[in-house]
Amino acid sequence: MSAVWLVTGAAGMLGRDVLARLADEDVTAVAADRKAVDVADPGSVRAAFEEHRPAVVVNCAAWTAVDDAETMEASALLVNGTGPEVLAAACREHGAVLLQVSTDYVFAGDAEKPYAEDDPTGPRSAYGRTKLAGERAVLGTLPDTGYVVRTAWLYGAGSGNFVRTMIRLEGVKDTLDVVDDQRGQPTWTVDLADRLVRLGQAALAGTAPAGVYHGTGGGETTWFGLTREIFRLLGADPERVRPTTSAAFARPAPRPAYGVLGHDRWSVAGIEPIRDWREALEAAFPALVAAERP
Ligand SMILES: NC(=O)c1ccc[n+]([C@@H]2O[C@H](COP(=O)([O-])OP(=O)(O)OC[C@H]3O[C@@H](n4cnc5c(N)ncnc54)[C@H](OP(=O)(O)O)[C@@H]3O)[C@@H](O)[C@H]2O)c1
């Protein structure tokens, strides 16, 4: 009998690509959207574990409205902190592996070199604090079978995101002002889904130590640099994209100025880090354009 993988938050941007990736494997994938499993509800999680008996849980469920979390931190904490805590307790009881997706927002974002997996955290936003609570719950409850995979700047074909928005705006705006003072790593959901699946397999095989991994694209850029690359791939003049500052786009939640993550830890699991962000964007591009300009 093939192992059961339970994907929570299955209707989200990442969840969909994790399920698509699992279709390539000899596993039984259970897609649990929010209606099927509310991660913050112990009764809902218990029922899913009793019905499916998962060997691996990939938690893609999250409160991702970063700005709203500033005024609704308790609600965000319920999904991002209590949710992983409830899942981790169920995984401990049933001997399952848990892969928890987290974020660069757990760091202060004021470093000058890529954050290592074990660097001190220091979130500056409510969203970051709630995601850190989720990390701690998973690592504390499952010291041997809990995995935290931090990602950032995610884009995929499945739902709206920065890259799709820029593809659309290129068609309707002469020029675009885009912030050039936040550094990060664009990450394709398909690449992250692949690493999550491989990490889960390695966890089951006993070849990946539990703990924190960084699942972001290689290299680094700014939102401005990313947008110029999008214009280049569209065959548009990149000079139409102009640099601006975060101050010009003030938002309720502070964004990390430097959210670049190091990828050293993958080597202990025998898995290579995600490819360079430019290469991934080029591979993803046809599907993104098709989704945005059908
Ligand atoms: N997007 C990014 O740039 C980014 C960056 C860093 C880290 N991440 C992390 O990556 C992961 C995946 O993000 P994503 O971009 O795929 O997010 P997403 O598209 O917003 O998907 C999140 C999913 O979680 C569901 N959900 C919310 N509350 C739930 C609950 N209580 N129980 C079960 N499901 C619930 C949502 O359902 P509803 O829509 O019905 O609420 C949604 O389908 C998250 O852990 C996120 O924190 C994302």
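Above this text is the structure in question.
Here's a quick rundown of the structure. (Residues numbered from 1 in each chain as written. Predicted model: local features only at pLDDT ≥ 70, side-chain atom pairs only at ≥ 80, totals over all residues. Heavy atoms only, no water.)

Residues in contact with the ligand amount to 23 residues; listed here are only the nearest, L14, R34, T64, Y127 and K131. Contact distances for the ligand include 2.9 Å between a nitrogen atom and a side-chain N or O atom of D38. A distance of 3.3 Å is found between an oxygen atom of the ligand and a backbone nitrogen or oxygen belonging to V101. When the free accessible area of the ligand is taken as 900 Å², the share hidden by the protein chains comes to 78%. Counting residues per element, the ones that place at least two in the shell around the ligand are α1 (13-22), β4 (97-103) and α5 (126-141). (Near = heavy atom within 4 Å. Polar contact = N/O pair within 3.5 Å; in protein donor to acceptor, adjacent residues only side chain to side chain. Areas by Shrake-Rupley, 256 points an atom, 1.4 Å probe, with all protein chains shown as cover. Helix = DSSP H or I, 4+ residues; strand = E, 2+ residues; numbered from the N terminus.)

Our next topic: the sheet that holds strand β3 (residues 56-59). Strands sit in the order β2-β1-β3-β4-β5-β10 across an open sheet of six strands; the sheet is parallel. The open sheet has two edge strands, β2 (28-32) and β10 (211-214), and neither has a second partner. Adjacent strand axes in the sheet meet at a mean angle of 20°, parallel and antiparallel pairs treated alike. As defined by bridge partners, β4 adjoins strand β5 (residues 146-151) across six bridges and the pair is classed as parallel. Bridged to S102 within β5 is R150. Across the sheet, helix α4 (residues 73-94) lies against β1 (4-8), β3 and β4, angled at about 160° from β4, the strand it touches most. (Pairing = 2+ DSSP bridges. Axes fitted to C-alpha atoms, helices over the stretch in contact; angles between N-to-C directions. Contact = heavy atoms within 4.5 Å.)

Glancing now at the side chain of N161. With respect to the helices and strands, the residue N161 is situated in the loop between β6 (154-155) and α6 (162-170). Here the side chain of N161 touches V163 through a polar contact of 3.1 Å, landing on its backbone nitrogen. Discounting chain neighbours no more than four positions away, the residues touching N161 are M13, L154, Y155 and G156.

Attention now goes to the nonpolar core. Note on soluble globular proteins: their nonpolar side chains tend to be buried together. Counting 31 residues, the largest nonpolar core has L6, V45, F49, V57, L87, C91 and L98 as its most contacted members. Those elements giving two or more residues to this core turn out to be β1, β2, α2 (42-52), α3 (66-69), α4 and α5. Ranked by the residues each element gives to this core, the list is headed by α4, at seven residues. Core analysis: the second largest hydrophobic core is formed by 29 residues, L22, V58, A210 and Y213 among them. (Core = buried A, V, L, I, M, F, W, Y, C linked by side-chain atoms within 4.5 Å. Buried < 20%, exposed > 50% of the residue type's maximum accessible area, 1.4 Å probe, protein only.)

By the element assignment, V7 lies in strand β1. Taking relative accessible area as the criterion, V7 reaches 0% and is therefore assigned buried. Setting aside its immediate chain neighbours within four residues, V7 contacts G15, V18, L19, L22, V30, A31, A32, V58 and C60.

What follows covers the pattern of salt bridges. Applying the stated criterion across every chain, the model contains 19 salt bridges. Taking the shortest distance from any N to any O, the salt bridge between R275 and D191 comes out at 3.0 Å. Here D191 lies in helix α7 (residues 189-205) and R275 lies in the loop between β12 (241-244) and α9 (277-292), a separation of 84 residues in the sequence. For R275, a relative accessible area of 27% corresponds to the partly exposed category. A salt bridge links E229 to R232; its shortest N-O distance comes to 2.9 Å. With E229 and R232 both in helix α8 (residues 223-234) and three residues apart, this pair spans about one turn of that helix. The exposure class of E229 is buried, given its relative accessible area of 8%. In the salt-bridge network here, residues are joined through shared partners; they are R21, E25, D194, R195, R198 and E272. (Salt bridge = Lys/Arg side-chain N within 4 Å of Asp/Glu carboxyl O.)

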